[in-house]
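Secondary and tertiary structure notes
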Amino acid sequence: MRADDTPLIRLEAYRPSDWLIDTVDLDIQLEPQATRVRAQLGLRPNPAGRPGAPLVLDGDELALERLLLDGQPVAADLYEATSQALTLHAPPQRAFTLLVETVVDPSANTKLMGLYRSSNVYCTQCEADGFPRITYFLDRPDVMSVYTVRLEARKADAPVLLSNGNLVATGEVANSDRHFAVWHDPHPKPAYLFALVGGALDHLRERYVTADGRAVELAVYVEPGKAGRAGWAMDSLIRCMRWDERVFGRNYDLDVFNVVAVSDFNMGAMENKGLNIFNDKYVLADPQTATDGDYASIESIIAHEYFHNWTGNRITCRDWFQLCLKEGLTVFRDQEFTADERSRPVKRIADVRTLRATQFSEDAGPLAHPVRPRAYKEINNFYTPTVYEKGAELIRMLKTLIGAEAFAAGMELYFARCDGTAATVEDFLACFAESAGRDLTHFAQWYEQAGTPTIVASGRYDAAARSYTLDLAQTTPPTPGQPDKAPMLLPVALGLVGSQGDLPLRTQSEAYAGDGLVILDRTSATVTFTGLDEAPIPSLLRGFSAPARLELDLADAELLRLFTADSDSFNRWQALQSVAMRALVAAGRPGAETSALTARAQDIAEALALFLGRHGTGDPAFAAQVLRLPAPADVAREIGRDVHPDLIFSAHRQLAAIIGRQIGRTLTSLREALTRPGPFSPDAASAGRRALRNEALGLIALAEPAQGAALVQAQFAEADNLTDRLAALAAMTLIPGEAREELIGRFAALYAEEPLVLDKWLMAQALIAEPGTLDRVKALMAHRAFALGNPNRVRALIGGFAANLTQFNRIDGAGYHFIADMVIALDRTNPQVASRLLGSFKSWRMLEPVRKGLAEAALARVAQTPGLSRDVSDIAERALA
Ligand code: TRP
Ligand code: ZN
């Protein structure tokens, strides 16, 4: 099918399946090149479907080998089998069984969807639509079945055989070198949650007893020899299971829970029932091969996939338009877990950084879409920051809006009422409307309307009346298919900061909901606070209470005052970011004067020196966030149009250098004060100290390259962990010269046998903001550490380059040209990886005219390439529309 002919799938067109599949019995003979799959399907007409409808099973690159209906062969004129579908024109209008036999080649499966081989391990990935690459099926999440899976393989080839649910039998196949395992999953599930694994794997095991008394065998499976790196994942798993019992009252529901790490994986991980399959990057950790960031992402992704067992698996989605029902909610849950395990303020800041960097930029460009899209061509292109991260923000807003108690009651109701069903966003919201006793119609618009709202705020103090009046207004820019926007329901958490801290909030205004919350649900609102003896500074959108942009015209001095005095830690952080952002936005435009930048840099440096002196050693994780300036890409997004990446980049360098020089001494002594003797520990407090030391190192490297290089060498030599070594390497990439190249070489030699570490090494080089980087990246493609067939390698080197603001956006267009070439090449083997890479162009429309023209030409060249996948053509078309 040509891309243009791909039908648009629409939410309004949903209708229940005509057929249901109650049971699936799979018998799978694993062979590297010819795996035989015998599927026995227990079918029946759906009472909610159309009577007399044909049965059309989905296939994808399949070949039918055998077909039996209730044990009998089916006459040739009664069915049709193509690679994409198996149709029974006039199936019996009663329950019947269908035996379908197919043969697939896991070794030739480079798309990494369906059944494939990853480093000699058989594994599967079925979400969103991979199951029809294994057998013909009704592949839609509202068709839920009970699976029994018999796996058979040569013992030497696959000593470990895993599938969903509980293990019910194992044995040897008589007179052969083969063995088998039978797994049964009592919980009906959609096909996208099916999984199997077969291979030679080591494991780490633990026993866990749930709060409601079930004994569960936990295991983490990894490549042979790597079980020593599975401990952190296991530890995280146990902690998140307890947390879900305590906080959401959710217990695990099988006797076995398995996690498997594979080295070739399109995304982060997958929540298959009882058998979570992970990108090994998000499982393997020890101090020598994982950074603090890796430890944190492992913890949160282990939790994310585990939490899906209730929010995703037991309650699944009716259709893929409801993807945010499981993803947004599950991201919210994993964010809360991390907040409880580590630091809540630091987690919030980190999440908002990510939201702005990924989702706000998506929302501002041609790929913008609602949290619940209305139509799609390729569902795999909708696993986006909007569905995941903005989806999580909607849950957070809901909680803010109705309060923690009604939120908890609504969750209880949701678990009780929707358990075992394939649900919709409406089903979900109905539970909260009920628990809170309020109408959520307006709130529900968040799921429908794309774009980031802007809140424009201004306030004035009336000394005579002792009152402060706050005017709030909102607008949402047009997005594709949505030219006119309605006002959203915006929960604006706020405070008024006076000389002695927060002032009491007294107001009769209708928009005030109490507890420091204003609900802005119209185009504008005015709130007047009374009984104020001094002019307050407003602290708005505390805790980032809504995924919106805020325009509030405070003076630098007022922002700097909030930075020290605001009771809300998020807004303390935000205040200093805002001052820095102003400086960078002003200096990053053509013809900008540098004097304003210098003056603001001095102010920021002064504020930082004071802050670090007071709190640097007390809360280093928070201080590290404070010390990290907005990235050049954040500034580009803030400027939003006619963007000159080089100007922004040099403004950023300049600001960092001035600040670094100004507070150099503070940074150096702070680094010393934060050094702790003793062995490495990945806990949040230790990680926070390393984060701040390394943030300081980066600033020093920019401000005083000679001193920075010396510190880098010392740190690299003394480090007993990857976090500090990698931070040294990253700081060194900021300083051109022989010493840098020498360190790059030493790092590679040290980690020659560690692909995941070399990914970081590849990425660090791909991010160097110098014209030589493109050639460097091309040369690295020939390095033994790189492989075009492995998604992690591609994301590190090629994806890293595409994230390099100045070099991807080279003024000669060579960056765009290279990425377009890579997209076209990758599309032939792995369309999902190719289409994600093409997403790097999502902000092309905000560029200045020359780059914009070059980026558009590169996109058009991709779009015009014959034989494109649906994944890539969908992104190319929408990006250009
Ligand atoms: N459901 C997975 C998660 O968020 C996402 C996922 C994993 C996925 N692998 C995929 C989505 C492949 C699409 C394709 O936890
Ligand atoms: Zn998920």
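Along each chain, residues carry numbers from 1 onward, in the same order as the chain's sequence is written. Starting at A for chains and at 1 for ligands, labels are handed out in the order in which the entities are written. The predicted nature of this model means local features are confined to residues of pLDDT at least 70 and side-chain atom pairs, given and counted, to a pLDDT of 80 or more, with totals for whole chains, interfaces and linings taken over all residues. Only hydrogens and water are set aside when side-chain values are computed; all heavy atoms of the structure are taken into account.

1. Let's talk about the overall build of the protein
Here is the rule we go by: Put simply, DSSP H or I for four residues or longer makes a helix, DSSP E for two residues or longer makes a strand, and each gets a number counted from the N terminus. Restricting the calculation to C-alpha atoms gives the radius of gyration, and the globule rule supplies 2.2 Å times the number of residues raised to the power 0.38. Buried, partly exposed and exposed residues are distinguished by accessible area as a fraction of the type maximum, computed with a 1.4 Å probe on protein chains only: under 20%, between the cut-offs, and over 50%, respectively. Contacts are assigned to residue pairs that have any heavy atoms within 4.5 Å of one another. Asp and Glu count as negative and Lys and Arg as positive, but His and the ends of the chain are not part of the count. A charged residue contributes its charge at one atom only: NZ of Lys, CZ of Arg, CG of Asp or CD of Glu.
Helices and strands together make up the secondary structure of the protein, namely 26 helices and 32 strands. Here the protein has a C-alpha radius of gyration of 28 Å; the compact-globule value for 881 residues is 29 Å, and the two agree. Across the 881 residues that make up the protein, the buried fraction comes to 59%. By sequence separation, contacts in the protein at least 24 residues apart represent 71% of the contacts at least 6 residues apart. Here the protein contributes 90 positive and 110 negative side-chain charges, whose respective centroids are spaced 2 Å apart.

2. Observations regarding the pattern of salt bridges
Condition: Salt bridge, as used here: a side-chain nitrogen of Lys or Arg that lies within 4 Å of a carboxyl oxygen of Asp or Glu.
In the structure shown here, the tally under the stated rule is 77 salt bridges. Between Arg-333 and Asp-244 there is a salt bridge, with the nearest N and O atoms lying 2.8 Å from each other. Note that Arg-333 is positioned in helix 3 (residues 323-341) and Asp-244 in helix 1 (residues 231-248), a separation of 89 residues in sequence. Residue class for Arg-333 comes out buried when judged on its relative accessible area of 0%. The salt bridge partner of Asp-363 is Lys-390, with a shortest N-O separation of 3.4 Å.

3. Quick word on the sheet that holds strand 20 (residues 269-270)
Spelled out, the test is: Strands are treated as partners if at least two bridges between them are detected by DSSP. Here an axis means a line fitted to C-alpha atoms, over the contact stretch when the element is a helix, while the angle between two N-to-C directions is reported on a 0 to 180 degree scale.
One open sheet holds the 5 strands; their spatial order is 17-18-19-21-20, and the pairing between them is mixed. One side of each edge strand has no neighbouring strand; the edge strands of this open sheet are strand 17 (202-209) and strand 20. Bridge count for strand 19 (residues 256-262) against strand 21 (residues 275-279) is 5 bridges, and the pairing is parallel. The residue bridging Val-259 from the neighbouring strand is Asn-276, located in strand 21. Relative to the sheet, helix 2 (residues 292-307) contacts strand 19, strand 20 and strand 21, its axis offset from that of strand 21 by approximately 150 degrees.

4. Structural notes on the site of ligand 1
For the record, the criterion: Note on definitions. A residue lies near a molecule or strand when any single heavy atom of the residue is within 4 Å of it. The definition of a polar contact used here is a pair of N or O atoms within 3.5 Å, where within protein one atom must be able to donate a hydrogen and the other to accept one, and adjacent residues in sequence count solely through side-chain atom pairs. Areas reported as accessible are Shrake-Rupley estimates using a 1.4 Å probe. Residue values count occlusion only from the protein chains shown. Under the grouping applied here, Gly and all other residues not named as nonpolar or charged are polar, the nonpolar ones being Ala, Val, Leu, Ile, Met, Phe, Trp, Tyr, Cys and Pro and the charged ones Asp, Glu, Lys and Arg.
In the region of ligand 1, 15 residues are neighbours, and Glu-127, Ala-269, Glu-271, Glu-305 and Tyr-388 sit closest. A distance of 2.5 Å separates an oxygen atom of ligand 1 from a polar atom in the side chain of Tyr-388. Here ligand 1 loses 97% of its free accessible area of 370 Å² to cover by the protein chains. When the residues that make up the shell around ligand 1 are grouped by side-chain class, the tally is 5 nonpolar, 5 polar and 5 charged.

5. Regarding the packing of helix 21 (residues 791-802) against helix 23 (residues 814-827)
Heads up, the condition is: If you view the pair so one helix is near and one far, a crossing is left-handed when the near helix is turned anticlockwise from the far one by less than a right angle, and right-handed when it is turned clockwise.
Where helix 21 contacts helix 23, the two axes come as close as 10 Å, and the packing angle between them is 145 degrees. The handedness of the crossing between helix 21 and helix 23 comes out as left-handed. Packed against helix 21, whose contacting residues are Val-794, Ile-798, Phe-801 and Ala-802, the element helix 23 presents Gly-815, Phe-818, Ile-819, Met-822 and Leu-826 at the interface. Here the contact of helix 21 with helix 23 is composed, by residue class, of 8 nonpolar, 1 polar and no charged.

6. Notes on helix 12 (residues 632-639)
With 6 of its 8 residues buried, helix 12 lies for the most part within the structure. Listed as buried for helix 12 are Pro-632, Asp-634, Val-635, Ala-636, Arg-637 and Ile-639. Contact partners of the buried residues in helix 12: helix 4 (344-363), helix 9 (569-587), helix 13 (645-662) and helix 22 (805-808). Immediately beyond the C-terminal end of helix 12, within one or two residues, lies Gly-640, with a positive phi of roughly 80 degrees.

7. Regarding the domain arrangement of the protein
Put simply, the test is: Delimitation of the domains relies on an automatic or database domain assignment.
By the assigned domains, the protein splits into domain 1 (5-200), domain 2 (316-447), domain 3 (454-546) and domain 4 (753-881). The C-alpha centroid of domain 3 is placed 55 Å from the C-alpha centroid of domain 1.

8. Some thoughts on the packing of aromatic side chains
Aromatic rings considered in pairs are described by the distance between their centres and by the relative angle of their planes. Where we set the bar: In this analysis, rings of Phe, Tyr and Trp, with Trp reduced to its six-membered ring, are considered paired at centre separations within 6.5 Å, and the interplanar angle assigns stacked below 30 degrees, edge-to-face beyond 60, and tilted for intermediate values.
Scanning all chains against the criterion turns up 39 aromatic pairs. Ring plane angle 70 degrees and centroid distance 5.7 Å describe the contact between Trp-243 and Phe-337, whose orientation is recorded as edge-to-face. In this pair, Trp-243 sits in helix 1 while Phe-337 sits in helix 3, placing the two residues 94 residues apart along the sequence. Here Trp-243 matches Phe-337 in class, with each residue buried.

9. As for the sheet that holds strand 11 (residues 121-125)
Strand order in the open sheet made by the 4 strands is 10-11-16-13, with antiparallel pairing throughout. Of all the strands in the sheet, just strand 10 (114-118) and strand 13 (160-163) have a single pairing partner and so form its edges. Ignoring which end each strand starts from, the neighbouring axes of this sheet average 15 degrees apart. For strand 10 and strand 11, the ladder comprises 5 bridges, and the chain directions are antiparallel. For Leu-115, the partnering residue across the bridge sits in strand 11 and is Thr-124.

10. Section: empty space enclosed by the protein
Note the threshold: For cavity detection a 1 Å grid was placed over the protein atoms alone, and a set of points counts as a cavity when a 1.4 Å probe fits there but cannot get out; an open set counts as a pocket when protein lies on both sides within 12 Å along at least five of seven lines, with lining residues being those that have an atom within 4 Å of a point. Grid points are joined across faces, edges and corners, and a volume is the space filled by probe spheres set on the points.
In the structure shown here, the tally under the stated rule is 1 cavity of 30 Å³ or more. Roughly 30 Å³ of volume is contained in the largest cavity. Lining the largest cavity, in full, are Cys-324, Leu-325, Leu-329, Ile-395, Val-425, Phe-428 and Tyr-447. Of all the elements in the fold, those that place two or more residues in the lining of the largest cavity are helix 3 and helix 7 (425-436). At 3 residues, helix 3 tops the list of elements feeding residues into the lining of the largest cavity. Classifying every residue of the lining of the largest cavity gives 7 nonpolar, no polar and no charged.

11. Some thoughts on the environment of Ala-191
Note that Ala-191 resides in the loop between strand 15 (178-189) and strand 16 (196-199). Linking Ala-191 and Ala-684, residues 493 residues apart in sequence, is a C-alpha distance of 38 Å. Ignoring anything within four residues of it in the chain, the contact list for Ala-191 reads Cys-126, Phe-131, Phe-137, Asp-139, Val-143 and Tyr-147.

12. Looking at a nonpolar patch on the surface
Worth spelling out the cut-off: Here a patch means residues that are over 30% exposed by relative accessible area and free of salt bridges, tied together within 9 Å if like-charged and within 5 Å if nonpolar (Val, Leu, Ile, Met, Phe, Trp, Tyr).
There is a patch of nonpolar side chains on the surface, built from Ile-811, Val-850 and Leu-854 and spanning about 240 Å² of accessible area. Topologically, Val-850 is positioned in helix 25 (residues 849-863).

13. Points about the pairing of strand 2 (residues 19-29)
Of the pairings in the sheet, the one linking strand 2 to strand 3 (residues 35-45) comprises 10 bridges and is antiparallel in character. Counted as the bridge partner of Val-24 is Leu-41 from strand 3. Here strand 2 hands over to strand 3 after 5 residues, the two strands then running antiparallel side by side. With 7 bridges joining them, strand 2 and strand 12 (residues 145-154) adopt parallel strand pairing. Counterpart to Ile-28 in the pairing with strand 12 is Leu-151.

14. Focus on helix 1
Note the threshold: The span expected for a helix works out to 1.5 Å for each residue beyond the first.
Its 18 residues give helix 1 an end-to-end C-alpha distance of 25 Å, which sits within 8% of 26 Å, the value for a rise of 1.5 Å per residue. For helix 1, the full list of buried residues reads Trp-232, Ala-233, Met-234, Ser-236, Leu-237, Cys-240, Met-241, Trp-243, Asp-244, Glu-245 and Phe-248. Along its buried surface, helix 1 packs onto strand 17, strand 18 (215-222), strand 19, helix 2, helix 3 and helix 6 (404-418).

15. As for a positive patch on the surface
On the surface, Arg-589, Arg-641, Arg-845 and Lys-852 cluster together into a positively charged patch. Its place among the elements puts Arg-641 in the loop between helix 12 and helix 13.

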